[in-house]
Amino acid sequence: MNTAIIPNFTGKRWLKLTCRTAHLVGFAGVFASTITEQSQIIYWVITIISGLGLLALEALSNLFWFVQIRAVVMYIKFALLYGLFVYPQHAWGILVTMILLSGFISHAPSSVRYFSLLHMKKITSVNDIKG
């Protein structure tokens, strides 16, 4: 059973690296424009497009992604993003929290990132859920 809608392909790692780099540039711009209260829509566009690209590449490469801790952190970041629009007076704290969550999950050991709350263990493939 294959859990990938997007299979591995030549250049996938470079595409992810490019999306991630664009996402960092966009988010830095969002952070700066939010803090200075100087609306720069282009940074939101860069952040959203690159973020959706990263999300698609990660989630559709392994459907177990949706129940792993790395996805749960993404769900929390979506909630924080919503909070940014509902509580703009707390923008600094919300954005810093998003940075902290991103840094933690991207550098956490695989036993944390790939832990499935549904299976209560590290899951990376169908073989991990057997037995």
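Source: prediction; values computed, not measured.

**Remarks on the overall build of the protein chain**
So, step 1. Along the protein chain, the regular secondary structure elements total five helices and two strands.
So, step 2. In sequence order, the secondary structure elements of the protein chain are arranged as α-α-α-α-α-β-β.
So, step 3. Taken along its principal axes, the extent of the C-alpha atoms in the protein chain is 55 × 30 × 20 Å.
So, step 4. Taking all 131 residues of the protein chain together, 28% fall into the buried category.
So, step 5. Within the protein chain, contacts between residues at least 6 apart in sequence are counted, and of these 58% link residues at least 24 apart.

**Looking at the pattern of salt bridges**
So, step 1. Following the criterion strictly, the structure yields two salt bridges and no others.
So, step 2. The residue E58 makes a salt bridge to R70 at a minimum N-O spacing of 2.9 Å. Of this pair, E58 sits in helix α2 (residues 41-59) while R70 sits in helix α3 (residues 69-86), and the two are 12 residues apart along the sequence. With respect to class, E58 is no different from R70; both count as buried.

**Some remarks on the nonpolar core**
So, step 1. In this structure, F27, V30, W44, L80, L84, A91, I94, L95 and M98 together form the largest nonpolar core, which totals nine residues.
So, step 2. Of all the secondary structure elements, the ones that give two or more residues to this core are α1 (12-35), α3 and α4 (91-107).
So, step 3. The leading source of residues in this core is α4, at four residues.
So, step 4. Excluding its chain neighbours within four sequence positions, the residues that come into contact with M98 are F27, K77, L80 and L81.

**Here we look at α1**
So, step 1. An ideal rise of 1.5 Å per residue puts 34 Å on 24 residues; α1 measures up with 34 Å between its terminal C-alpha atoms.
So, step 2. Against α2 and α4 lie the buried residues of α1.
So, step 3. Phi turns positive, to about 55 degrees, at E37, one or two residues after α1.

**Section: the packing of α3 against α4**
So, step 1. One can describe the packing of α3 onto α4 by two numbers: an axis separation of 10 Å at closest approach and a directional angle of 170 degrees. Looking at the two axes, α3 sits roughly antiparallel to α4. For the pair α3 and α4, contact is made by I69, R70, V73, I76, K77, L80, L81, G83 and L84 and by A91, I94, L95, T97, M98, L101, S102 and I105, respectively.
So, step 2. Of the residues that constitute the contact of α3 with α4, the class distribution is 12 nonpolar, three polar and two charged.

**Focus on α2**
So, step 1. Between its terminal C-alpha atoms α2 stretches 27 Å, which fits the 27 Å expected from 19 residues at 1.5 Å a residue.
So, step 2. Taken residue by residue, α2 has W44, T47, S50, L54, L57, E58 and A59 as its buried positions.
So, step 3. Among the structural elements, α1 and α3 are those in contact with the buried residues of α2.

**Concerning unusual backbone geometry**
So, step 1. Positive phi, normally seen in glycine, also occurs at E37, with a value near 55 degrees.
So, step 2. With respect to the element layout, E37 can be found in the loop between α1 and α2.
So, step 3. Of note in the backbone geometry, M120 takes a positive phi value of approximately 60 degrees without being a glycine.
So, step 4. Judged by relative accessible area, which is 57%, M120 ranks as exposed.

Reading the values: rules and limits
Residues numbered from 1 in each chain as written. Predicted model: local features only at pLDDT ≥ 70, side-chain atom pairs only at ≥ 80, totals over all residues. Heavy atoms only, no water. Helix = DSSP H or I, 4+ residues; strand = E, 2+ residues; numbered from the N terminus. Buried < 20%, exposed > 50% of the residue type's maximum accessible area, 1.4 Å probe, protein only. Contact = heavy atoms within 4.5 Å. Salt bridge = Lys/Arg side-chain N within 4 Å of Asp/Glu carboxyl O. Core = buried A, V, L, I, M, F, W, Y, C linked by side-chain atoms within 4.5 Å. Expected span 1.5 Å × (residues − 1). Axes fitted to C-alpha atoms, helices over the stretch in contact; angles between N-to-C directions. Parallel < 35°, antiparallel > 145°, perpendicular 65-115°, else oblique. Nonpolar A, V, L, I, M, F, W, Y, C, P; charged D, E, K, R; others polar.

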